[in-house]
Amino acid sequence: MEDKMEGNIFIDVEKCVACKSCEMACAVEQSKSKVLFQAIREEPLPQSLVRVEWISGELVSPKKLRSPLQCRHCEDAPCVTVCPTKALEKLGAEGPVIVHDERCIGCKWCVLVCPFGVISLRRDGKAVIKCDLCFEREAGPACVEACPTKALRFLTVAELGKERRRKALADLQQGLVAGKKQQLRW
Amino acid sequence: MEVKDRASERSFDPVSQYMLRLAEKQGIETAWDRLEKQQPQCGFGELGLCCRHCNMGPCRIDPFGEGPTKGVCGATADTMVARGLLRAIAAGAAAHSDHGRDIAHTLLLVAEGKGNGYQIKDEAKLRALAEEYGIETKKRTVEEIAFDLAKAIYAEFGKQEGPIQFTRRAPEKRLKLWQKLGIEPRGVDREIVECMHRTHMGVDHDYVNLTLHGLRTSIADGWGGSMIATELSDVLFGTPQPKKAMANLGVLKADEVNIIVHGHEPTLSEMIVAATHDPDLLDRAKGYGAKGINVAGICCTGNEVLMRQGVPIAGNFLQQELAIITGAVEAMVVDVQCIMPALPDLATCYHTKIISTSPKAKTPGATHIEFHEEKAYDIAKEIVRTAVDNYPNRVAAKVNIPDEKMECMVGFSVEAIVAALGGSLTPLIDAIKSGAIKGIAGVVGCNNPTVRQDYSHVNLVKELIKNDVLVVTTGCNAIACAKAGLMRPEAAKEAGKGLKGVCQALGVPPVLHMGSCVDISRILVACAAIAKALGVDISDLPVAGAAPEWMSEKAVSIGAYVVSSGIFTVLGTVPAVLGSANVTKLLTEGAEGVVGGKFAVETDPFKAAQLILSHIMAKRAALGI
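From a predicted model like this one, the values you see are computed outputs, not experimental measurements.

Asker: So, the overall build of chain B: which residues are in play, and what are the values?
Answerer: The helix and strand tally for chain B stands at 25 helices and 16 strands. Compactness check: chain B gives a C-alpha radius of gyration of 24 Å against a globular reference of 25 Å for 625 residues, within 12% of the reference. The principal-axis extent of the C-alpha atoms belonging to chain B is close to 65 × 65 × 50 Å. Put simply, chain B has 625 residues, and 59% of those count as buried. Once local pairs closer than 6 in sequence are excluded, the contacts in chain B between residues at least 24 apart make up 74%.

Okay, here's the thing in structure tokens:
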């Protein structure tokens, strides 16, 4: 797995407009044809592994919160720990948690312990299905590629850290300039 | 052609490629770049599974069956898709028909003696149309006849009950079928209003019922609004006759004032052309050091003046931006339809003035010189003067006119085809019967940056003529064919043996330019005449339609009326209906049993040609020829 792309899907919830393009792209990615116009006629129908979820105001803030949710690919993943048949496996520090279909007995313990509710059942009920970060897909996760507002991004923790630090620095610089100006006025 | 770079991926036309490379070098944004920025496009929209018809929505249906299967009101995928389709047909029919209304208005002004610069150029056609409408023509002046005809046609737009006149041109069997199905249209305004009513929240939810009304509305366009536009334009500006002209951006001139007319209605472009002959304006141009005033067309208004006056055609839909990038256009004069709102922004990089003219169509950033038919010639002179006065602002360093232009023979109205055949359609019918010509394909429609510009147009047409299918064309396909040299009589060499022989005997190209997009009505008239001569319905003929690079709602209406007329039609880009398996099946299978025509979707032009050929061969076999 060393040559596979590593990273995480990070979500900027402020940018999500709930268009469900990620769901659409994910379902197409799970299809045999990988083409929307054909995917919608496939038997069985492909299933999206990302879901746009929402909560109305009162719970946290007066604003409606809506966001795509998919597997967080936990380092110490409860689903991997709980699986009695070792059907779930974590690949590398920033790699995906994947399901080995043939080992899954469909007991759904993983569904029970997942803190994010992002493991679902295959249509035939015989195995669980979940996001695998499109780890074999050259262009990276399909949902990220499909997001029109760039609310979804695929980055390593290091990359995100660098970005955040630079943003903090830019904020600081702005603060310094403003401070200087204030000083001059005095 | 080898795909080498981004420009050649985007267009099949070497001239467009040259301009696209230039645009890239200059950092200029075009429709192709904006398409890239739109990626990925919304899957719900592509499938027709979103609805914004009421404010309980927006609603979407999950095509994968895990999310909602109905809108808030309960609309299913079938309802949503059929309603969306009906609205597209309504918009397309409205565009063509409102164009037709404007031409009727001009005829009325001429009849009342208020047509500043307009006149009746084809009196014989006026009289023939008047007789069709049951208007007395004997011992009456041209103006009296024109007045009655214009009034009669005006009244038809809002006709509440009973049929509209031009549908009587359809073969008896076709008419009976429309009546039996309840889709014989009344006035087009009424049908369009009913489309909007039926698709309002909580009205028509049955996909078959919705689709049938779509067909009815489209017939009111093809055999109504569009046909009115064509016929009355012929009366006012002359019925097109074969003539030679030039095509592609190379028609722009380095040492003359270049004016591009772009849009659809000949009422404007004809007057602009007339005003460029004005001696004062020519002197004015010369005063600025220009050798003359050159008018060239883009899109269908370009086709109108190309067909009637041999005015060069600068390009089709996707070349409107490229024309400005030549840096040699003093003014792009636009009226209605297919005008990109991107033009004024782009024009700020050059000296080009975008001049909007229609009270119905303003674009921020454009110079608006409002056009009114009552003062047409005076306003046209003002527009031309504005263009001429802009000549000194041309920046020599920014001028890049491509060298390439292509000769073409155009002007094939039905009347011109009949004349070329020696006075009747019989020689053509005989050629079809003998198999020298296997059949006729009407290849029409737009450009669409989601597919390589002109690639499908040119390759589909080439495949068809190679297989002895005579191609009749309008709109942006016609311009693509002209640019590709397929409208030269010498192009007969590229046709199969049978078609080549016929073309060489008559001295015509294997691809006949029949006009603008409203002039698809000419193709209907030709089909009806052939069917009547053979004593069969249009659906029995070895004919087919194709819109390889379509994009507009007008194309949806056209496709619907062509199929309603009984003609098999191949679409080269996918319409937003696949979200409903039932509607898709109705359009691509069921329709054949109902109206005798159906749609197919095939994005590969070579495969599309095969579909058309096998359809034509099957129809020939059924006719026993």
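That shown, we press on.
Asker: For the confidence of the model for chain B, give the residues involved together with the corresponding values.
Answerer: The share of residues in chain B with pLDDT of 70 or more is 100%, and the mean pLDDT across the chain is 97. For this predicted complex, the interface confidence reaches an ipTM of 0.77, while the overall pTM sits at 0.93.

Asker: Explain the interface of chain B and chain A to me, and be specific about the residues and the numbers.
Answerer: With 13 residues of chain B in contact, the opposing surface of chain A contributes 15 residues. With four residues, the top contributor of residues to the side of chain B that touches chain A is helix 4 (residues 43-47) of chain B. Its residues assigned to classes, the side of chain B that touches chain A comprises eight nonpolar, two polar and three charged.

Asker: Now, about the domain arrangement of chain A: what can you tell me, with residues and values included?
Answerer: Structurally, chain A comprises domain 1 (10-70 + 134-154), domain 2 (73-130) and domain 3 (156-186). On a C-alpha basis, the centroid separation for the pair domain 1 of chain A and domain 3 of chain A is 33 Å.

Asker: Any chance you could break down unusual backbone geometry for me, citing the residues and the numbers?
Answerer: Cis geometry is adopted by the peptide bond preceding Pro44(A), which originates at Glu43(A) and carries an omega value of -5 degrees. Within the fold, Pro44(A) resides in the loop between helix 2 (36-39) and strand 2 (51-55). Here the bond from Gly57(B) into Pro58(B) is cis, since omega is 5 degrees, no more than 30 degrees from zero. Of note, Pro58(B) is situated in the loop between strand 1 (50-51) and strand 2 (59-60). Of note in the backbone geometry, Lys20(A) takes a positive phi value of approximately 70 degrees without being a glycine. Assignment of secondary structure puts Lys20(A) in the loop between strand 1 (8-11) and helix 1 (21-30). Overall, Lys20(A) belongs to the buried group, with 21 C-beta atoms counted inside 10 Å. Unlike most non-glycine residues, Cys338(B) shows phi in positive territory, near 65 degrees. For Cys338(B), the position within the fold is in the loop between strand 7 (331-334) and helix 15 (343-347). Judged by the 24 C-beta atoms lying within 10 Å of it, Cys338(B) is buried.

Asker: Requested: an account of the pairing of strand 11 (residues 439-443) of chain B, with residues and values cited.
Answerer: The two faces of a sheet get side chains in turn, since along a regular strand they alternate between them. Residues and elements named next belong to chain B. Counted residue by residue, strand 11 has five buried out of five residues, so it is predominantly covered. On strand 11, burial covers both faces: Gly439, Ala441 and Val443 on one face and Ile440 and Gly442 on the other are all buried. Where strand 11 lies against strand 12 (residues 469-474), five bridges are found, and the strand directions are parallel. Counterpart to Ile440 in the pairing with strand 12 is Leu470. Where the polypeptide runs from strand 11 across helix 19 (residues 455-466) and back to strand 12, its parallel neighbour, the crossover connection is right-handed. In terms of strand pairing, strand 11 meets strand 14 (residues 543-547) through four bridges, oriented parallel.

Asker: Please provide a residue-by-residue account of helix 16 (residues 376-389) of chain B, values included.
Answerer: Under the 1.5 Å per step criterion, the end-to-end length of helix 16 of chain B is 20 Å for 14 residues, consistent within 8% with the ideal 20 Å. Listing the buried residues of helix 16 of chain B in full gives Ala376(B), Ile379(B), Ala380(B), Lys381(B), Ile383(B), Val384(B), Ala387(B) and Val388(B).

Asker: Just give me the short version of the sheet that holds strand 16 (residues 599-601) of chain B, but keep the residues and values in it.
Answerer: Residues and elements named next belong to chain B. Pairing in this open sheet of six strands is parallel, and the strands run 13-12-11-14-15-16 from one edge to the other. Looking along the sheet, the strands with just one partner apiece sit at the ends: strand 13 (511-515) and strand 16. The sheet shows a mean angle of 25 degrees between the axes of neighbouring strands, direction not considered. Alignment of strand 12 against strand 13, held across four bridges, turns out to be parallel. What sits directly across from Thr473, in strand 13, is His513. Helix-sheet contacts for helix 19 involve strand 11, strand 12, strand 13 and strand 14, and the interaxial angle to strand 12 is about 150 degrees.

Conventions adopted
Residues numbered from 1 in each chain as written. Chains lettered and ligands numbered in written order. Predicted model: local features only at pLDDT ≥ 70, side-chain atom pairs only at ≥ 80, totals over all residues. Helix = DSSP H or I, 4+ residues; strand = E, 2+ residues; numbered from the N terminus. Rg over C-alpha atoms; globule rule 2.2 N^0.38 Å. Buried ≥ 20, exposed ≤ 12 C-beta atoms within 10 Å, placed from the backbone. Contact = placed C-beta atoms within 7 Å. pLDDT = per-residue confidence, 0-100. Nonpolar A, V, L, I, M, F, W, Y, C, P; charged D, E, K, R; others polar. Domains from an automatic or database assignment. Pairing = 2+ DSSP bridges. Right-handed = clockwise from strand over helix to strand, strands pointing away. Expected span 1.5 Å × (residues − 1). Axes fitted to C-alpha atoms, helices over the stretch in contact; angles between N-to-C directions.

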